[in-house]
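Chain by chain, the residues run as shown.
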Amino acid sequence: MMQSKSTEITVGMFVAAGIAALFVLAMKVSNLGDLTEEKGYQVTAEFGNVGGLKVRSAVTMAGVRVGRVADISLDPKTFDAKVTLNMYPQFNNIPIDTSASIYTAGLLGEQYIGLVAGAEDESLKNGDVITLTQPALVLEQVIGQFLYSKAEGSD
Amino acid sequence: MINYIRSLGRWGLGSFERLGRAHIFLVAMLAGVPGLFLRFSLVIQQLFSIGVLSVMLILISGLFVGMVLGLQGYNTLVDFGAEESLGVMVSLSLVRELGPVVSALLFAGRAGSALTAEIGLMKSTEQLSGMEMMAVDPIKRIIAPRFLAGIISMPLLAAIFSAVGVLGGFLVGHGLLGVDDGAFWSQMQAKTDLFEDIFNGVIKSVVFGLVVTWIALFEGYDAMPTSEGVGRATTRTVVHSAFAILGLDFVLTALMFGD
């Protein structure tokens with residue numbers, strides 16, 4: 001009896017340790033906190049080029065994360081990239097003339113959307129469109145332009 | 001000449017027959033699993049000998065694998081000035097690959113070989129046929145509890161392995177090499193996805209647990225009832241498990257991450 005009792009206790013501890021390890025992995029290692037953000041509102045923005053932007057990339061304002069990219073698709077008429085942003089519900093007073101740009105974190109890092117607040121009193125609501133946008137900086141284009149201007153300047 | 005062809009044919013037929021027996025065995029095991037919930041103490045006994053006794057091995061190996069990942073990753077990343085990404089590297093390699101795979105390989109060596117030897121010895125000392133004589137189904141009474149315990153233990157062991165490995169990577173990265181701890185954790189949390197990475201790792205380890213326990217139990221049950229046969233079966237368990245784990249890992253990785 002004593003034997004089976006201690007067996008049960010150690011098995012219980014083993015199962016608890018395994019579940020605790022999974023829990024630690026979920027809470028400490030992964031981005032579990034970001035999964036409960038479904039309720040916010042969605043706005044769209046059209047960009048000439050999204051570069052390496054991905055679904056679930058961050059949307060930040062002044063460096064603070066205010067949402068995530070929910071979807072990226074191609075507009076069939078303008079052939080611009082249509083990016084749907086899922087904004088967190090607590091940031092519900094962002095002005096309607098806010099501008100959006102695509103930046104890169106570091107030289108080779110992930111791309112994200114940076115918002116710069118406008119001045120209007122009216123704020124963005126579900127389904128609104130951000131019209132002031134600036135496309136992603138594509139490194140090859142920048143280098144190309146730089147070389148081109150260098151070549152012109154040397155004449 | 002004709003004898004060679006004949007022996008080749010016999011070998012082929014024998015392998016297919018074995019494969020068929022293994023699948024009949026799997027079905028019989030699965031059929032025995034539901035009845036276990038009435039006598040769960042059998043499973044707990046096996047969870048102890050399969051799972052609990054493997055914890056120490058998993059803890060120590062996980063810690064060292066994580067520490068090595070920390071060191072190696074740092075040396076590579078520091079060349080690019082990206083040593084802050086060490087956390088991502090350690091966590092992704094552990095939860096996606098090394099956690100499930102290495103713990104399954106260790107599990108096959110530690111628990112799988114023991115299972116085969118145990119069942120094989122039971123067979124060679126005719127304990128299994130003795131049970132049949134007493135109208136006790138050895139598959140339900142002996143095999144199924146071990147099978148279920150293996151499937152339950154494996155994901156738990158893999159999770160412990162990954163968690164300890166991340167800790168080991170952190171100890172080396174932060175304590176020894178001086179990577180900023182805030183960057184270590186925040187980059188890790190930003191890039192590791194709960195479903196994409198951790199759940200897929202758990203699915204992998206469940207599959208590995210099923211396959212390793214299946215191979216181990218079948219090899220034991222199908223072993224020649226001699227001491228030499230049991231020894232061979234034990235070797236085969238470890239070898240086939242390793243093949244199965246690594247092969248399946250490729251297939252699962254291609255399915256999960258190979259978009």
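Above this text is the structure in question.
Please read all numbers here as calculations on a predicted model, not as lab measurements. (Residues numbered from 1 in each chain as written. Chains lettered and ligands numbered in written order. Predicted model: local features only at pLDDT ≥ 70, side-chain atom pairs only at ≥ 80, totals over all residues. Heavy atoms only, no water.)

Here we look at the overall build of chain A
Then, in step 1: A tally of helices and strands in chain A yields two helices and eight strands.
Then, in step 2: Mapped from its N terminus to its C terminus, chain A presents α and β elements in the order α-β-β-β-β-β-β-β-β-α.
Then, in step 3: When the 155 residues of chain A are sorted by exposure, 33% land in the buried category.
Then, in step 4: Considering only contacts within chain A whose residues lie at least 6 apart along the sequence, 63% involve residues at least 24 apart.
Then, in step 5: When the accessible surface of chain A is totalled, it reaches about 9400 Å², and 61% of it is carbon and sulfur. (Helix = DSSP H or I, 4+ residues; strand = E, 2+ residues; numbered from the N terminus. Buried < 20%, exposed > 50% of the residue type's maximum accessible area, 1.4 Å probe, protein only. Contact = heavy atoms within 4.5 Å. Areas by Shrake-Rupley, 256 points an atom, 1.4 Å probe, with all protein chains shown as cover.)

Remarks on the interface of chain B and chain A
Then, in step 1: The interface is formed by 28 residues belonging to chain B together with 22 residues belonging to chain A.
Then, in step 2: A combined buried area of about 2100 Å² lies between chain B and chain A, and 80% of that area is made up of carbon and sulfur atoms.
Then, in step 3: Area buried by chain B at its contact with chain A is led by B:Leu156, B:Gln189 and B:Leu194, which between them contribute 24% of it.
Then, in step 4: Counting the contacts that link chain B with chain A gives zero salt bridges.
Then, in step 5: On the surface where chain B and chain A come into contact, there are zero residue pairs in polar contact (both at pLDDT 80 or more).
Then, in step 6: Among the secondary structure elements, those contributing two or more residues to the side of chain B that touches chain A are helix H2 (40-78), helix H3 (86-124), helix H5 (138-176), helix H6 (181-191) and helix H7 (194-221) of chain B.
Then, in step 7: With eight residues, the top contributor of residues to the side of chain B that touches chain A is H5(B). (Buried area = accessible area lost by both parts, 1.4 Å probe. Salt bridge = Lys/Arg side-chain N within 4 Å of Asp/Glu carboxyl O. Polar contact = N/O pair within 3.5 Å; in protein donor to acceptor, adjacent residues only side chain to side chain.)

Observations regarding the sheet that holds strand E6 (residues 111-116) of chain A
Residue and element names in this part refer to chain A.
Then, in step 1: Reading across from one edge, E7-E1-E4-E3-E2-E6-E5-E8 is the order of the eight strands in this open sheet, with mixed pairing throughout. Whereas interior strands pair on both sides, the edge strands pair on one side only; in this sheet they are strand E7 (129-130) and strand E8 (132-134).
Then, in step 2: Pairing analysis gives two bridges linking strand E1 (residues 41-47) to E7, with the strands arranged parallel. In the strand pairing of E7, Thr-44 is matched with Val-129. (Pairing = 2+ DSSP bridges.)

A few points about the nonpolar core
In globular proteins that are soluble, nonpolar side chains generally tend to be buried together.
Then, in step 1: Membership of the largest hydrophobic core comes to 71 residues, with the highest contact counts inside it found for A:Phe14, B:Phe25, B:Met29, B:Phe147, B:Trp214 and B:Leu217.
Then, in step 2: The element that contributes the greatest number of residues to this core is H5(B), accounting for 19 residues.
Then, in step 3: Counting residues in each nonpolar core, the second largest holds 22 residues, with A:Val43, A:Ala45, A:Val83 and A:Ile113 among its members. (Core = buried A, V, L, I, M, F, W, Y, C linked by side-chain atoms within 4.5 Å.)

Some details on the pairing of strand E2 (residues 58-61) of chain A
All names here are of chain A.
Then, in step 1: Residues Ala-58 and Thr-60 point to one face of E2 and Val-59 and Met-61 to the other, with burial holding for every one of them.
Then, in step 2: For E2 and strand E3 (residues 64-74), the ladder comprises four bridges, and the chain directions are antiparallel. Paired with Met-61 across the two strands is Val-64, which belongs to E3.
Then, in step 3: Two successive antiparallel strands, E2 and E3, enclose a turn made up of two residues, where Ala-62 displays a positive phi of approximately 55°.
Then, in step 4: Sheet analysis places E2 next to E6, joined by three bridges and oriented parallel.

As for the packing of H3(B) against helix H8 (residues 227-257) of chain B
All names here are of chain B.
Then, in step 1: Running from N to C, H3 and H8 point in directions that differ by 150°, and their axes come no closer than 9 Å. The angle between the axes of H3 and H8 places the two elements in the roughly antiparallel class. Seen from above, H3 lies across H8 with right-handed handedness.
Then, in step 2: When grouped by side-chain class, the residues that make up the contact of H3 with H8 number 13 nonpolar, nine polar and three charged. (Axes fitted to C-alpha atoms, helices over the stretch in contact; angles between N-to-C directions. Parallel < 35°, antiparallel > 145°, perpendicular 65-115°, else oblique. Left-handed = near helix turned anticlockwise from the far one by under 90°. Nonpolar A, V, L, I, M, F, W, Y, C, P; charged D, E, K, R; others polar.)

Let's talk about the packing of aromatic side chains
Residues and elements named next belong to chain B.
Then, in step 1: If you walk through the whole model with that rule in mind, you get nine aromatic pairs over all chains.
Then, in step 2: Aromatic pair Phe-170 and Trp-185: ring centres 5.0 Å apart, planes at 35°, arrangement tilted. With Phe-170 in helix H5 and Trp-185 in helix H6, this residue pair connects regions lying 15 residues apart in the sequence. Each member of the pair Phe-170 and Trp-185 is classed as buried.
Then, in step 3: When the ring centre of Phe-257 is taken as origin, the NZ or CZ atom of Arg-96, which lies over that ring, is 4.3 Å away. (Phe/Tyr/Trp six-rings, centres within 6.5 Å; stacked < 30°, edge-to-face > 60°. Lys NZ or Arg CZ within 6 Å of the ring centre and 35° of its normal.)

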